[in-house]
Amino acid sequence: MTDVLDTAGRTRTKEYITPAPVVEFMIRNSEVRKDARIIDPAAGDGAFVHKLIGEGYRKVWGIEVEQDRADQLRQRLMAYDGFCLLVGDALNPVTLGSWAMGSFDVAIGNPPFSYQKAKISQDEILVNYELGRPKQSIEILFLERFVQMVRPCGLVRIILPMNIFANTALQYVRDFILENLWVEAVIGLPRHTFGGTAAKTAILFGQKRGRDWDTRSDFLNQKRVKLASIRDIKTLSELKTLSIQSAEGGMLVSMADIKNRMDPDYHFAGIELKGAVTESEVEFKPLGELAEIRTGFVKYGEKRKLIHDTLPKTKRLQSKYIRLIKAKNLSIHGFRFGQDDFFIRTDEEIFRSWACLEVGEVLVVRVGAGCVGRAVCVIDEKYRGQADDWMLIVRAKAINPSFLAFYLNSTIGKAFVQKEAQGTGTVSISKGKLQKVLVPVLDESVQREFELEVKSMYDKQFQGKTDKAKAIFNSLDKKLHGLIS
Ligand SMILES: C[S@@+](CC[C@H](N)C(=O)[O-])C[C@H]1O[C@@H](n2cnc3c(N)ncnc32)[C@H](O)[C@@H]1O
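If you're wondering where the values come from, they're calculated on a predicted model, not measured in any experiment.

How each quantity is defined
Residues numbered from 1 in each chain as written. Predicted model: local features only at pLDDT ≥ 70, side-chain atom pairs only at ≥ 80, totals over all residues. Helix = DSSP H or I, 4+ residues; strand = E, 2+ residues; numbered from the N terminus. Buried ≥ 20, exposed ≤ 12 C-beta atoms within 10 Å, placed from the backbone. Contact = placed C-beta atoms within 7 Å. Pairing = 2+ DSSP bridges. Axes fitted to C-alpha atoms, helices over the stretch in contact; angles between N-to-C directions. Arc of directions from axis to C-beta. Parallel < 35°, antiparallel > 145°, perpendicular 65-115°, else oblique. Left-handed = near helix turned anticlockwise from the far one by under 90°. Nonpolar A, V, L, I, M, F, W, Y, C, P; charged D, E, K, R; others polar. Domains from an automatic or database assignment. Core = buried A, V, L, I, M, F, W, Y, C linked by C-beta atoms within 7 Å.

Turning to the overall build of the protein chain, a few remarks are in order. Tallying secondary structure elements over the protein chain gives 17 helices and 23 strands in all. Summarising its shape, the C-alpha atoms of the protein chain cover approximately 90 × 50 × 45 Å along the three principal directions. Residues classed as buried in the protein chain amount to 40% of the 485 residues present. A separation threshold of at least 6 residues defines the contact pool for the protein chain, and within that pool the share at least 24 residues apart is 72%.

The following block contains the structure:
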C-alpha cells in the first residue's frame, strides 16, 4: 500500500514505500515504447520513477506534494534529462495543467490511502471528479486522477486498498472502473507488503477505454481479465516471464464476471464452491426446484403505528393480535423472542394472511450485510406470525424444511448464499437469487436426523440455553461438512 493522511486535511503523510518486486512487476507488465510518456502522480522517494529511468524510459514524470521528499528526489535524479518533477497536490488541476491531462501513455504508482477520518473535503478539489463525494477517500480520487491523466488506450497501473474491489458500498467505484477501463488484471498482494500495515491491497491493471469500446460487447464477455492473489511478493520476481495475461497461476474471467466483485479471493471461493459441488457424491439442486418462495409484508410510514411491542392484557383482545416477525427475531440457532417483540392486529390493513407462516415453512432474511440469508424453520405453532417484507418465506416441497433452514446457516450453505447476495449499499438476496442457491439433497433419513437436532437446538435457544444451542449448531456444521466433502 501506500501512505496515509494522519489527520483531517493536509498534514504530513507517512510514506509506505513500494517494495522493489512489486514495482518491477508493475513496470514489466506495462510494455510501452521507451519514448512513451509515463507519470507517477504520487512519486515519494521515487521507487517507480527510479526504476523507469533505469529501464531506459526517456519521458518520465513525477508529482510529489511534500517539498522535502520532492527535493531529495530531484537531487538524486538531477542527472537525467528525461525526468520532470512537479511539486504540488496531484489532485489539484493547477499542479498538472489541463493541457497535460489525458496526454500520458502510462500512469503508474502507489497513491496515499485515507483512514476513516482523513478524507478529502475541499470542494475546489472534489468538483473536478466524477467520484467526488463530500469527504471522499484520497485513493478513490487518485484512481480517477490516474484515469484522467492517460490518453485513450493508455495504461493505468495503481495499487489500491482491497475494499475498492470488494465492498458493496463502493460498487460505484467499480462501476467507474468498468466504464472507463478495460480491466487487464487485479492482483491481490499479501498483507504486510507495505511494512507497518496489514491492510489488504491489490494492483489494478487497466487500459483506458478507446472510442470503439461500446461496440465491442462480445469482447467484454471474453475471459481476458486476470485475477490472482500473490501469497509472497518474492514470487513476483521469480515470475520474470509471467505476463498478467498468461493463464498460469490465478484465473481468467470476463469483464462481465467482475461487474460486482473484483477481489480475486472472492472469485477463487466461487471456484472452490463449484469444486465442492462437482466433487461431492451428494447431488445439489437449486432451491427453486425444491421449494416455493414468497415475500413477507408490512406497511411503512404512518402505518408503522400499527406495530405494537406489547400485547393487550385481556385474552379476549389478545386473540385479535398476531406476532409480526422481523429479522431481529431470527438467529441461526432459532427464533429469538422476548426482547424484540412486535404484534399487529388481524383486523387492520397491515395484516396479510398470505404473509403469515405455516408450520413447516422456512423464513430467510432478505436484507442486511451481517444477516442476509439467515434462516429459521417454523417447527411449532408457537413460532407462527406474519413475516415482514425483509423476509422471504420458503415453502419446502422436496426438502426437509428443518434441514434446509440449518443448511442455509451452515458454513457451506452460507457461502452459496453469499455468492448470490448482491447490492449497492445494503447487501440483499432477491427471491430469484435465493432460488439459485444450491442445496445438497441428502437421504431423507439423514435429513430427518438433522431435523431432530435442529428442533432440539431451537428448544435450547427458546429456553435461553444459548451455549447448548451453539454446540448443537457446531456439531451439525461438522457433520454436514463430512457428508458433503
Ligand atoms: C505511498 S507513497 C508512494 C511513494 C512511492 N511512489 C512508492 O511507491 O514507494 C505516496 C506518496 O504520495 C505523496 N502524496 C500524498 N498526497 C499527495 C498529493 N495530493 N499529491 C501528490 N503527492 C501526494 C506522499 O507524500 C507520498 O510520498
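Next, the rest of the story.
Attention shifts here to the sheet that holds strand β12 (residues 251–253). Across the sheet, which stays open at both edges, the 9 strands sit in the order β5-β4-β3-β6-β8-β10-β9-β11-β12 with mixed pairing between neighbours. Edge positions in the sheet fall to β5 (83–87) and β12, since each of these pairs with one other strand and no more. Along the sheet, successive strands turn relative to each other by an average axial angle of 15°, direction set aside. As defined by bridge partners, strand β3 (residues 37–40) adjoins strand β4 (residues 59–64) across 4 bridges and the pair is classed as parallel. What sits directly across from isoleucine 38, in β4, is valine 60.

Moving on, we get to helix α14 (residues 411–420). Those residues of α14 lying buried are Gly413, Phe416 and Val417. Burial along α14 is one-sided: seen end-on, the buried residues are contained in an arc of 100°. Summarising the contacts, the buried residues of α14 are in contact with α10 (264–279), α13 (401–409) and β23 (438–441).

With that settled, consider the pairing of strand β19 (residues 361–365). Most of β19 is tucked away, with 5 of its 5 residues classed as buried. Burial of β19 is two-sided: the residues Glu361, Leu363 and Val365 facing one way and the residues Val362 and Val364 facing the other way are all buried. Here 5 bridges tie β19 to strand β22 (residues 391–396), and the two strands are oriented antiparallel to one another. Bridging from a neighbouring strand, valine 362 pairs with valine 394 of β22.

On to the sheet that holds strand β15 (residues 321–325), then. In space, the 3 strands of this open sheet follow the order β18-β15-β21, with mixed pairing throughout. Taken across any chain shown, the strands that pair with only one partner, and hence form the sheet edges, are β18 (343–345) and β21 (386–387). As judged from the 2 bridges shared by β15 and β21, these two strands associate in the parallel manner. Following the sheet pairing, isoleucine 325 is matched in β21 by alanine 387.

A word on the packing of helix α1 (residues 20–28) against helix α2 (residues 47–54). Helix-helix packing: each pair is described by the crossing angle between the helix axes and the interaxial distance. Direction vectors running N to C along α1 and α2 enclose 55°, while the axes themselves pass 10 Å from each other. Regarding the angle of α1 to α2, the classification is oblique. Two packed elements cross with a definite hand, and for α1 against α2 that hand is right-handed. On the side of α1, the interface is formed by Val23, Glu24 and Ile27, while α2 contributes Ala47, Phe48, Lys51 and Leu52. Looking at the contact of α1 with α2, its residues break down into 5 nonpolar, no polar and 2 charged.

With that out of the way, let us pick up the packing of α10 against α14. Running from N to C, α10 and α14 point in directions that differ by 125°, and their axes come no closer than 11 Å. By the angle between their directions, the pair α10 and α14 is classed as oblique. In this structure, the crossing between α10 and α14 has a hand that is left-handed. Contacts from Ala269, Gly270, Leu273 and Ala276 of α10 reach α14 at Ile412, Ala415, Phe416 and Lys419.

Next up on the list: the domain arrangement of the protein chain. By convention, interface size is frequently given as the accessible area that disappears when the constituent parts associate. Here the protein chain is partitioned into domain 1 (3–275) and domain 2 (283–484). For domain 1 and domain 2, the distance between their C-alpha centres works out to 44 Å. Taken together, the contact between domain 1 and domain 2 spans 8 residues of the former and 8 residues of the latter. Secondary structure elements with two or more residues in the side of domain 1 that touches domain 2: α7 (171–180) and α10. Class assignment of the residues belonging to the side of domain 1 that touches domain 2 gives a composition of 4 nonpolar, 4 polar and no charged.

The residue valine 417 is located in helix α14 in this model. By C-beta crowding, valine 417 is classed as buried, having 23 other C-beta atoms within 10 Å. As a C-alpha pair, valine 417 and arginine 374 span 43 residues in sequence and 9.3 Å in three-dimensional space. If we ignore the near neighbours within four places in the chain, the residues touching valine 417 are Val372, Gly373, Leu408, Ile429 and Val437.

Quick look at the environment of glutamine 222 now. Take glutamine 222: it is sitting in the loop between α8 (217–220) and β11 (225–229). Glutamine 222 sits in the partly exposed class, given 13 other C-beta atoms within 10 Å. For glutamine 222 and methionine 255, which are 33 residues apart along the polypeptide, the C-alpha to C-alpha distance reads 7.6 Å.

Moving on, we come to the nonpolar core. One finds Ile38, Ala107, Val156, Val186 and Ala202 to be the most contacted residues of the largest nonpolar core, which totals 66 residues. For this core, the element with the highest residue contribution is helix α5 (residues 138–149), accounting for 8 residues. Excluding anything up to four places from it in sequence, isoleucine 38 contacts Leu52, Tyr57, Lys59, Val60, Trp61, Phe104, Asp105, Val106 and Ile108. Within the second largest apolar cluster, 55 residues are counted, among which are Val298, Ala387, Ile399 and Val437.

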